[in-house]
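One-letter residues, chain by chain:
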Amino acid sequence: GTCFFTGSHDKTAKLFDFYSLEELKTYSHEKPVLSAFVSPLLDHVVLAGGQDASQVTLTSSKAGGFESKIVHKVYNTEVIGTVRGHFGPVNAIAYSPDGRSFVTGGEDGYVRLNHMDAEYFAL
């Protein structure tokens, strides 16, 4: 079916059915979720975010949670992978149409292209 995501400062992302607006699943994160995107190739979701921008200069990028986490769309019991590289909250994320890479846009002013390695597709 057709669905959409919401991300929230309450550290969750929610998957909804587009037509009925029924909440289908809730995904948890350690930091606020500012963006979420479903892989066009696998049943995986990438959650991205980080702490509030006003706190960025007070902490390291690792402590700020400025990363993208890949979880399974159905069985989100564990993180499949983590992608780091931004020095501020990750505000936007999108997969390439072929599902082999995704791009993130951060509050640090950078856009990062992330390519998946072969091991990722063997999961």
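The structure we're discussing is the one just above.
Nothing here was measured: the structure is a model prediction, and the numbers come from that model. (Residues numbered from 1 in each chain as written. Predicted model: local features only at pLDDT ≥ 70, side-chain atom pairs only at ≥ 80, totals over all residues. Heavy atoms only, no water.)

## Examining the environment of glycine 50
Piece 1. Locating glycine 50 in the fold gives a position in the loop between strand S5 (44–49) and strand S6 (67–72).
Piece 2. According to the relative accessible area criterion, glycine 50 is buried, its value standing at 2%.
Piece 3. Note: C-alpha distance between glycine 50 and glutamate 67 (17 residues apart in sequence) is 6.9 Å. (Helix = DSSP H or I, 4+ residues; strand = E, 2+ residues; numbered from the N terminus. Buried < 20%, exposed > 50% of the residue type's maximum accessible area, 1.4 Å probe, protein only.)

## What to know about the sheet that holds strand S1 (residues 3–7)
Piece 1. Here 3 strands make up an open sheet; going across it, the order is S1-S2-S3 and the pairing antiparallel. Every other strand in the sheet has two partners, leaving S1 and strand S3 (23–28) as the edge strands with one partner each. Taken over all neighbouring pairs, the strand axes of this sheet differ in orientation by 20 degrees on average, direction set aside.
Piece 2. Inspection of the sheet shows S1 paired to strand S2 (residues 12–17) by 5 bridges, in the antiparallel sense. The partner of cysteine 3 across the bridge, within S2, is aspartate 17. (Pairing = 2+ DSSP bridges. Axes fitted to C-alpha atoms, helices over the stretch in contact; angles between N-to-C directions.)

## Re the pattern of salt bridges
Piece 1. By the definition in use, this model includes 1 salt bridge.
Piece 2. Here lysine 14 and glutamate 23 are joined by a salt bridge, their closest N and O atoms 3.8 Å apart.
Piece 3. Note on glutamate 23: relative accessible area 38%, which makes it partly exposed. (Salt bridge = Lys/Arg side-chain N within 4 Å of Asp/Glu carboxyl O.)

Nothing here speaks to function; it is geometry throughout.
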